[in-house]
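# Tertiary structure, described
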Amino acid sequence: MALTYQDVMNTDLSTLQSASEEWRAMGDKFKTLKTNYDTHVRGALGNGRWVGLGYNAAAKSGGITAHELWGAMKEAHAVAEQLSEAHTVLTRLKSALKDLVKQAREDGYKVNPVTGQVTTDYDSKRFQDMTPEELRGYKNDPAGIAAREQQRTDLLMDQIKEIDEADFGYRTALERVTKDVDGKGVNGGFNSNASGDPERYEGQRAEELAKKVADGDDLGDKEKRELRTLLDGNEGDKAFSQTFVQGLGPEGTVKLGHELRGMGKDGDWLEKSVSTTIAAATNVPKDIEKLPVTSKRYQDWLNSDDGKFNKEFLAGLKKVGTENFASNTEPVYGYQEFVTLMKKGGTYDGSFLQTLGDDIMETEKDNKDRGLWDQWNGKPGQKGVEYDPLDGVLGLMSKDPDASTTYLDPKGSDRLQYLLKDRDWPGYLLNGGGAAPIDNKDLADLTNKIGFGQALEAAATGEVPGTKHPLGSHSEAEARVMQYAVTHLGEEMSPNLRPSMGHILTDYTPDTHEILSEANPAYEDEKHIASGVFKDEQGNVRVALDPQALDKVMRGVADDPAAFGDMFNAERQYSADKLVQNPINGDTKAIDQRNNAIMGVGNVWGHYDGVMTDVALDKKDAAIQWARDVNHHVNAANAVIDFVPPKVATVGVPAVDIVGRVVDFGMYDWTKEAVADATKVGGEEAAKTFNTGHKQMNALVVKWVEAQGGDPGIESGKPSPEIGVIQHEGQGTYSDGREHALVNLGRPGG
């Protein structure tokens, strides 16, 4: 029966400490008794004067008695330790509850002494100090009053639940610590292996209950509540978690995951709790978790007593990773079951995920012809299964960008090569009618590489996928991942990689702009291109890419309108920032600076138009819908984008005062312009009319001039002459960039 508010507030916890002291004193007495027994009884009997069968029987009996005295001491001291810990923890939790009650009363609430229900106390000082008008206004919001009262009540109930879970755990431990499981002395005697660590006994009990589930037995309602209380009450506790997982073992853990998956919603809460427990059990010390798993220091830890658990559990998991835990016609393998369970909850350390990922890779290479992770259409046994465990592990790893970068860094590792080039990704097999199964690549593409794309994005950007952050500024390892991916992907990329690659290119806009602008010598340096990653004179990490490889990846991303829209938005802001840092008038040097800026921007937007033209030609009639989809995303995400400033604001991210930024980008009506361009595309000749990017460039120039006091001519009809001059300067490089992109995409003469 769960504890109530009244139970907690009225219980005198000091008796726990008193009991602890008495149990410790009892243990000390047993210790003294054993010493006296060994000295005065066993010592006297063993003086050599008594021999024969009688002595042998007495010696044996004396040994048993001595053991039981020792066991009594150990058991009493263990109980004392547990009671002392219970007193400390429960007192702390009760004190936190009292603090919540005190705060509620100070804020004008009263607490029911029996139920803990919180209600408004209009007799409190808070309300007595109100004017009649203020009090009427407050009472005129009954829904708000009820919501605030419930919020306060929930805080108290959550704290009581935590106390109840702790109390249950200590009760479980105290019941088990007195059980004689040492296998010595008399049966049912004292426990010489008694431990003062309650979590050890709680973990053992939770493991017993979980094993019943793993063996296919049903738990009664009482046992379900008990298991849930033990798991939830010890969330994050490593000692409890390792006891629980070690007791189950890798095979038992996999079996448990299999049974829980088959329980549907009834197993959901337990799946999450078990996953969280596994994460806590495999937790790695903070000073180790960021190290590469191949490093000597990590390997030394793995071979230490502290790392022994992870090493043995992973080794055991590898043995059952390719075992079938379902039927022969609908196989589900160990690694699939385990990763399915992992994904239900819990935050796993990067080093554990890296080692698990390596183990799965090695398993795949050793079983190349088995097609272990292939998906079979119409196989109910596989529903809900993480059919590709390696992809699942990569998805979990993406939540830890540092771990993802370390794992996929091509320097010193072939993992990225394996994933991008060498791996035979799982197929989607269609069977029926007695014919040989057909591997449907289109269906496989819909489900493959989701986790890989997320990990790739995290590794290259240093950010958790889906989080908003300033763009630019990367480590050398992150840049190596990006450079390798762009160099080896090409435009024929899986659908699930397009969003991630779009986000990566968006994040590297300061680099892609400089590459496509052809205006920055550092990016065209042969040594930099050969190495792929370099540092500029100020120490900023940069990425050098072959423009052809970049155009092809941009084209691949463009098949995802949302991802392409992200790139477009970032480039639009970056181009605006590059322009606005330059004057539109001045001496010869200023004019040259202005012209160089617009020529670089022109080149970039030429490449964008080349890519969009290629999309339109490939999609034909579908190009209209594509343009509408991009338009929707561009307008929906139309907001100022921030870039991380470089160490010295020279090459790269423009140093722009936010007050002077062109923040509306001169955005024209995409629906009218881009869709109109897409409508015209019907052949190679008509493709020349697709110049959406050129119009964007011209619109940026107008806003640039306007930001510096020029007249855009919207009202006067007489725009500043600089607008035409600057737009003309960008026209030549725009045409070059567009032509280069089309050639790079295999459409010369476009």
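Residues numbered from 1 in each chain as written. Predicted model: local features only at pLDDT ≥ 70, side-chain atom pairs only at ≥ 80, totals over all residues. Heavy atoms only, no water.

## Overview of the overall build of the protein
- Helix and strand counts for the protein stand at 30 helices and seven strands.
- Residue burial in the protein is summarised as follows: out of 750 residues, 50% are buried.
- The contacts in the protein between residues at least 6 apart in sequence include a share of 74% that link residues at least 24 apart. (Helix = DSSP H or I, 4+ residues; strand = E, 2+ residues; numbered from the N terminus. Buried < 20%, exposed > 50% of the residue type's maximum accessible area, 1.4 Å probe, protein only. Contact = heavy atoms within 4.5 Å.)

## A word on the environment of Lys 311
- Secondary-structure assignment places Lys 311 in helix α12 (residues 308-320).
- Along the chain, Lys 311 and Trp 301 lie 10 residues apart, while their C-alpha atoms are 9.7 Å from each other.
- Contact partners of Lys 311, with chain neighbours within four places excluded, come to Leu 302 and Asn 303.

## Let's talk about unusual backbone geometry
- Look at Lys 449: it is not a glycine, yet its phi comes out positive at around 65 degrees.
- Here Lys 449 shows up in the loop between α18 (441-447) and α19 (450-461).
- On the basis of relative accessibility, which here comes to 15%, the residue Lys 449 falls in the buried class.
- The residue Glu 518 is not glycine, and still its phi comes out positive at about 55 degrees.
- Structurally, Glu 518 is set in the loop between α22 (509-517) and α23 (526-531).
- Under the relative-accessibility criterion, Glu 518 is labelled partly exposed at 35%.

## Concerning the confidence of the model for the protein
- Confidence in the prediction for the protein averages 84 pLDDT; 89% of positions are at 70 or higher.
- Every residue in residues 648-671 scores below 50 in pLDDT, and together they form 73 contacts with partners more than four places removed in sequence or on other chains. (pLDDT = per-residue confidence, 0-100.)

## Here we look at the packing of aromatic side chains
- Evaluated as defined, the whole model comprises 16 aromatic pairs.
- Ring geometry for Phe 313 and Phe 338: centres 5.8 Å apart, planes at 55 degrees, overall tilted. With Phe 313 in helix α12 and Phe 338 in helix α13 (residues 334-342), this residue pair connects regions lying 25 residues apart in the sequence. Side by side, Phe 313 and Phe 338 carry an identical accessibility label, which is buried.
- Each residue in the set Phe 564, Phe 568, Trp 605, Tyr 608 and Trp 626 is aromatic and connected to the rest through ring pairs, giving one cluster.
- Above the ring of Tyr 122, the side-chain terminus of Lys 139 is found at 4.6 Å from the ring centroid. (Phe/Tyr/Trp six-rings, centres within 6.5 Å; stacked < 30°, edge-to-face > 60°. Lys NZ or Arg CZ within 6 Å of the ring centre and 35° of its normal.)

## A look at the environment of Leu 93
- Along the polypeptide, Leu 93 turns up in helix α3 (residues 53-106).
- C-alpha separation for the pair Leu 93 and Ala 166, spaced 73 residues apart in sequence, amounts to 9.1 Å.
- Once you skip the residues sitting within four places of it in the chain, Leu 93 turns out to touch Gln 159, Glu 162, Ile 163 and Ala 166.

## Some words on the environment of Lys 527
- With respect to the helices and strands, the residue Lys 527 is situated in helix α23.
- Judged by relative accessible area, which is 64%, Lys 527 ranks as exposed.
- Spatially, the C-alpha atoms of Lys 527 and Ala 544 are 9.5 Å apart, while their sequence positions differ by 17 residues.

## Things to note about the nonpolar core
- Formed by 118 residues in total, the largest nonpolar core has its most connected members in Leu 356 and Met 501.
- In terms of residue count, the dominant contributor to this core is helix α26 (residues 588-619) (nine residues).
- Sequence-distant contacts of Leu 356, that is, excluding residues within four places in its chain, are made with Leu 314, Leu 317, Tyr 335, Phe 338, Met 342 and Val 393.
- Membership of the second largest hydrophobic core comes to 29 residues, among which are Leu 13, Ala 86, Ala 194 and Tyr 201. (Core = buried A, V, L, I, M, F, W, Y, C linked by side-chain atoms within 4.5 Å.)

## Remarks on helix α16 (residues 401-408)
- Buried residues dominate α16, accounting for six of its eight residues.
- Pro 401, Ala 403, Ser 404, Thr 405, Tyr 407 and Leu 408 are the residues of α16 that are buried.
- Along its buried surface, α16 packs onto α14 (350-366), α15 (389-397), α17 (415-422), α19 and α20 (476-489).

## Structural notes on the pattern of salt bridges
- As enumerated under the stated definition, the model contains 32 salt bridges in all.
- In this structure, Glu 251 engages Lys 255 in a salt bridge whose closest nitrogen and oxygen atoms are separated by 3.7 Å. Linking Glu 251 with Lys 255, this pair stays in helix α9 (residues 238-262), spanning four residues, or about one helical turn.
- Lys 255 sits in the partly exposed class, given a relative accessible area of 32%.
- For the salt bridge of Lys 441 with Asp 445, the shortest nitrogen-to-oxygen distance reads 2.9 Å. In this pair, Lys 441 and Asp 445 are both assigned in helix α18, four residues apart and thus about one turn of the helix distant.
- Take Asp 445: its relative accessible area is 14%, and that puts it in the buried class.
- Each of Arg 555, Asp 559, Asp 614, Asp 618, Lys 619 and Arg 747 takes part in a single network of salt bridges with overlapping partners. (Salt bridge = Lys/Arg side-chain N within 4 Å of Asp/Glu carboxyl O.)

## Some remarks on the packing of helix α6 (residues 142-177) against helix α7 (residues 198-214)
- Orientation of α6 relative to α7, taken along the N-to-C sense of each, is 90 degrees, at an axis distance of 8 Å. The angle between α6 and α7 places the two elements in the roughly perpendicular class. Residues Gly 169, Tyr 170, Thr 172, Ala 173, Arg 176 and Val 177 of α6 touch α7, and the partners they reach there are Pro 198, Tyr 201, Glu 202, Gln 204, Arg 205 and Glu 208.
- Of the residues in the contact of α6 with α7, the class split is five nonpolar, three polar and four charged. (Axes fitted to C-alpha atoms, helices over the stretch in contact; angles between N-to-C directions. Parallel < 35°, antiparallel > 145°, perpendicular 65-115°, else oblique. Nonpolar A, V, L, I, M, F, W, Y, C, P; charged D, E, K, R; others polar.)

## Some remarks on helix α25 (residues 561-580)
- Here α25 spans 28 Å end to end across 20 residues, near enough to the 28 Å set by a 1.5 Å rise per residue.
- Burial analysis of α25 places 19 of its 20 residues in the buried class, the great majority of the element.
- The backbone nitrogen of Ala 562 lies 3.1 Å from a side-chain oxygen of the residue at the head of α25, namely Asp 560. (Expected span 1.5 Å × (residues − 1). Polar contact = N/O pair within 3.5 Å; in protein donor to acceptor, adjacent residues only side chain to side chain.)

## Quick word on the side chain of His 77
- Relative to the helices and strands, His 77 is located in helix α3.
- Here Asp 28 takes part through its side chain, which lies 2.9 Å from a polar atom of the side chain of His 77.
- Leave out the neighbours within four places in its chain, and His 77 touches Arg 24, Gly 27 and Asp 28.

## Regarding a negative patch on the surface
- Taken together, the side chains of Glu 518, Glu 524, Asp 736 and Glu 739 define an acidic patch exposed on the protein surface.
- Here Glu 524 lies in the loop between α22 and α23.
- A relative accessible area of 43% means that Glu 524 is categorised as partly exposed. (Patch = residues over 30% accessible without salt bridge, like charges linked within 9 Å, V, L, I, M, F, W, Y side chains within 5 Å. Areas by Shrake-Rupley, 256 points an atom, 1.4 Å probe, with all protein chains shown as cover. Lys, Arg positive; Asp, Glu negative; His and termini not counted. Charge placed at Lys NZ, Arg CZ, Asp CG, Glu CD.)

## Some details on the packing of helix α8 (residues 221-233) against helix α10 (residues 268-281)
- Their axes nearest at 10 Å, the elements α8 and α10 cross at an angle of 35 degrees. Our pair here, α8 against α10, has a crossing hand that is left-handed. For the pair α8 and α10, contact is made by Lys 224, Leu 227, Arg 228, Leu 231 and Asp 232 and by Trp 269, Leu 270, Ser 273, Val 274 and Thr 277, respectively.
- Residues that form the contact of α8 with α10 fall into these classes: five nonpolar, two polar and three charged. (Left-handed = near helix turned anticlockwise from the far one by under 90°.)

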